[in-house]
Amino acid sequence: MKTFCGRANPSTGALDWVEESEEYDYHQEIARSCYADMLHDHDRNKKYYQGIRAAVARVKARGEKVIILDIGTGTGLLSMMAVTAGADFCYAVEVFKPMAEAAQCIVEKNGFSENIKIINKHSTDVTVGPDGDMQMKANVLITELFDTELIGEGALPSYEHAHQNLVQEGCEAVPHRATVYARLVESELLWSWAQLQPAEVEGVRLAPPPAVAHCAGAHAVCDIQLSQVSPHSFTPLGPLCSMFSVDFSKPVSSAFQSHSSQFVAQSGGRAQVVLSWWDLDMDPSGSIVCTMAPSWTYPHGVFQWRDHWMQSVYFLPVESRVREGEELSLTVCHDDYSLWYSLQPHSQQDLPSEAPPSRPCCTCQAHLVWTRPRFGELNDRRRTESYVRALRSVLREDSVCLGVSDGSLLPVFAHMIGAKKVLFFGPSKHSTQMHFVQFGNQTKCRRCVSQWSESKACLFQISVLMGEPYFSTSLLPWHSLFFWYCRTALAGLLQPRAAILPCSATLHMVAVEFQDLWRIRAPCGTCEGFDVTPMDEMVQRSLDFRESREAEPHPLWEYPCRALTQATAVMTFDFTQCVPQQPISSQGSLIGRCHGVALWMEYHLTDDITVSAGLIGPISEQGECEWSRHRKQGVYFFRSPCESSGDGRAAVSYSFTFEPSLGDIKMDFSV
């Protein structure tokens, strides 16, 4: 059977649907999964093991046989823990077929096949009875169905069904309880990811159109490694609030609910953002706790890094001013899969007619198209100034400009600087650029800045072709080379001495040693004493499957790493010329031990103005790196850390090839 898969095509700027074999999709799922990250999470594993031992002991103390239901078993690790702790039998449910097959191999390899039954179904399809998947209902429920938002993977409906159909009344549950915490803060950094801020060009303050400025935004969670957001980047306006708890040992409802927490504002400021995370109590007494709290809440403790569970950032629908000492009520609502927050004065929250806050909804379209980092990029004043300076250096009073990017403000900036005519072209059909024709709320601006069309092509000769470049379909740094293909297609419309901005781009690379990110691709071998090599082998087979061995996108500002080499420019792309017919190649070598390489693009707007989508500062003597928060960088993981040979010669050679027909870069590293 064949399947259709979406793939970014840098040469067209489109998402192509390509027919692939049926194995392709699940190989991609496995290769990019976080299974290894979970197994490397020793704190999670240890706390689950302690909770399972305690639950099994409580059931045995009642004189009952211990029957386990393990929903979302993955590798079967938690079921093997349960049998080792004394459980009589485990029903381990896993809906993803390749993972269920790996779990079966792992269970057999560790000698538990007599006590563990792998059920390759969704838990809501599992049957109980003499001819069912389970012979009897379980009296211990073990699950790992959580995501960063706690309930985003459908935990509530799964628990609801399990209590109704698969477990005994009064069963034990591991984890026993989850508690969601939240803190109201003011943060210029985080708020810049939610709303478009005014910009200043040529002394004129440009405010976003009302449709954007007054939009409540999308309610979707922003999940990040909050440990990498410095406490100096936000001001707490209230205490850490316990918003609600879910007791998994009792029937659970997936229906809409709202919960409020009242507090007194600790300081005055602008209420903008809610920082949130959750804890798992593995036992009823709460003595075994697995917390998702960020590292800066651990003044002296040992912080456990994990990527499969991070922390959540929620943006309030409306920014509001609060006073120190003011009584406030923070409300969280949730349905079966997501949460959203709102803030009210305590007095208003007590009104009997006050309905629960509705889910925020984007009405301006921008929040549906742009990512959170894209908002931050457009609000970056230093970056904006670089583009404005570059535009000043190339624009003339008679300049006719064409902007090629998705949802860019460059056309408005070009008009404000004094271009005669400005056209813009947003390749994405969802481009929101028309909003920003009104950015300055000036009739003249709307008259002089217009959307490019083929009918206008014969009316103008373009003297300035400009782009950030940014395209919503870009996944890897070099996918923005679509700008080069647009420049080539428009060559016949350009004046002989037309300015191209940026005039060129450079692909950069640095060998890195990750503090933690290496765990997501590192084999596990044994985990808590259990042999899980069949999972390692499954992941390796998927990594070997076609482009699964290519670079993958990661926001490196969230993942500390140490540079082991100087940043190296490995390829340059000259936008003043058309895309060449022949491939562009580059070869070289690396020295040192590293987990892989980080890759990014730098755009040379003019000869002396460069904007980096990767490193934004020099590498320190200790190898510390500062990365752009706006774009993801490419990461190519080596299968194992490589080392230089004894005589100091490089251990790894590399080659890069840009294929003009594909618009993509193929890379190869060999030890």
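Residues numbered from 1 in each chain as written. Predicted model: local features only at pLDDT ≥ 70, side-chain atom pairs only at ≥ 80, totals over all residues. Heavy atoms only, no water.

1. A short note on the overall build of the protein chain
Argument step 1. Along the backbone of the protein chain there are 18 helices and 36 strands.
Argument step 2. For the protein chain, with 671 residues in total, the buried portion stands at 57%. (Helix = DSSP H or I, 4+ residues; strand = E, 2+ residues; numbered from the N terminus. Buried < 20%, exposed > 50% of the residue type's maximum accessible area, 1.4 Å probe, protein only.)

2. Let's talk about the packing of aromatic side chains
Given two aromatic rings, one states the distance between the centres and the angle between the planes to describe the pair.
Argument step 1. Inspection of the entire model under this criterion finds 30 aromatic pairs.
Argument step 2. Between F471 and F482, the ring centres sit 5.0 Å apart and the planes meet at 75°, which makes this aromatic pair edge-to-face. Residue F471 is found in the loop between β23 (462-466) and α17 (482-489), and its partner F482 is found in helix α17; the two are separated by eleven residues along the sequence.
Argument step 3. Classification of F471 by relative accessible area gives buried; the value is 2%.
Argument step 4. A relative accessible area of 7% means that F482 is categorised as buried.
Argument step 5. Each ring, one from F483 and one from F575, has its centre 5.5 Å from the other, and the planes form 65°; the classification is edge-to-face. Taken together, the residues F483 in helix α17 and F575 in the loop between β30 (568-574) and β31 (584-590) connect sequence positions 92 residues apart. Across this residue pair, the class does not change: F483 and F575 are buried.
Argument step 6. Its guanidinium or amino end placed over the ring of Y49, R53 lies 3.8 Å from that ring's centre, counting from NZ or CZ. (Phe/Tyr/Trp six-rings, centres within 6.5 Å; stacked < 30°, edge-to-face > 60°. Lys NZ or Arg CZ within 6 Å of the ring centre and 35° of its normal.)

3. Examining the sheet that holds strand β5 (residues 116-119)
Argument step 1. Ordered in space as β5-β4-β3-β6-β7, the five strands form an open sheet in which the pairing is parallel. Edge positions in the sheet fall to β5 and β7 (167-174), since each has one partner strand and no second. Each strand axis lies, on average, 25° off the axis of its neighbour in the sheet, ignoring direction.
Argument step 2. Sheet analysis places strand β6 (residues 138-143) next to β7, joined by four bridges and oriented parallel. Paired with L141 across the bridge in β7 is A173.
Argument step 3. Here helix α3 (residues 42-61) sits on the sheet and contacts β6 and β7; the angle it forms with β7, its principal contact strand, is near 145°. (Pairing = 2+ DSSP bridges. Axes fitted to C-alpha atoms, helices over the stretch in contact; angles between N-to-C directions. Contact = heavy atoms within 4.5 Å.)

4. Here's the deal with the nonpolar core
Argument step 1. Within the largest apolar cluster, 132 residues are counted, with the highest numbers of intra-cluster contacts made by L69, F146 and Y341.
Argument step 2. By residue number, the principal contributor to this core is strand β15 (residues 269-281), which donates seven residues.
Argument step 3. If we ignore the near neighbours within four places in the chain, the residues touching F146 are Y48, E153, A155, Y159, P175, F248, W278, L280 and W309.
Argument step 4. Formed by 79 residues, the second largest nonpolar core is a distinct cluster that contains V212, F413, V597 and Y636. (Core = buried A, V, L, I, M, F, W, Y, C linked by side-chain atoms within 4.5 Å.)

5. A few points about the sheet that holds strand β18 (residues 327-334)
Paired through their backbone hydrogen bonds, the strands of a sheet run either parallel or antiparallel.
Argument step 1. Strands sit in the order β14-β18-β19 across an open sheet of three strands; the sheet is antiparallel. Across the chains shown, the open sheet's two edge strands, defined by having one partner strand only, are β14 (257-264) and β19 (339-345). Taking each pair of neighbouring strands and ignoring which way they run, the sheet shows an average axis angle of 20°.
Argument step 2. Judged from the seven bridges that link them, β18 and β19 form a sheet pairing that is antiparallel. Pairing of H334 across the sheet is with L339, part of β19.

6. Here's the deal with the confidence of the model for the protein chain
Any segment with low pLDDT has predicted coordinates that should not be analysed in fine detail.
Argument step 1. Looking at the protein chain, pLDDT values average 89 and 87% of them are 70 or higher.
Argument step 2. For the stretch residues 432-438, pLDDT sits under 50, and the model shows 31 contacts to residues farther than four places along the chain or on other chains. (pLDDT = per-residue confidence, 0-100.)

7. Observations regarding the side chain of E552
Argument step 1. By the element assignment, E552 lies in strand β28 (residues 552-554).
Argument step 2. Among the residues examined, E552 registers a relative accessible area of 4% and is labelled buried.
Argument step 3. One polar contact links E552 to R521, side chain to side chain, over a distance of 2.8 Å.
Argument step 4. A distance of 2.9 Å separates polar atoms of two side chains, one belonging to E552 and the other to H554.
Argument step 5. In this view, E552 contacts R32, L476, I520, R521, Q633, G634, V635 and F637; residues no more than four positions away in its chain are not counted. (Polar contact = N/O pair within 3.5 Å; in protein donor to acceptor, adjacent residues only side chain to side chain.)

8. A short note on the pairing of β6
Argument step 1. In terms of residue burial, β6 counts as a mostly covered element, since six of its six residues are buried.
Argument step 2. Pairing of strand β3 (residues 67-71) with β6, which is carried by four bridges, proceeds in the parallel orientation. Of the residues in β6, the one forming a bridge with L69 is L141.
Argument step 3. What joins β6 to β7 is helix α6 (residues 155-165), and the crossover it makes is right-handed. (Right-handed = clockwise from strand over helix to strand, strands pointing away.)

9. Overview of the pairing of β15
Argument step 1. Of all the 13 residues making up β15, twelve are buried; the element is thus mostly covered by neighbouring parts of the structure.
Argument step 2. Bridge count between strand β8 (residues 177-186) and β15: nine bridges; the pairing is antiparallel. Each bridged residue has a counterpart across the sheet, and for L184 the counterpart in β15 is V274.
Argument step 3. Summarising the sheet, β15 and strand β17 (residues 311-322) pair through seven bridges and their orientation is antiparallel. Following the sheet pairing, V273 is matched in β17 by F315.
Argument step 4. Relative to strand β16 (residues 289-291), β15 is paired through three bridges, and the arrangement is antiparallel. Residue pairing in the sheet places D281 in a bridge with V289 of β16.

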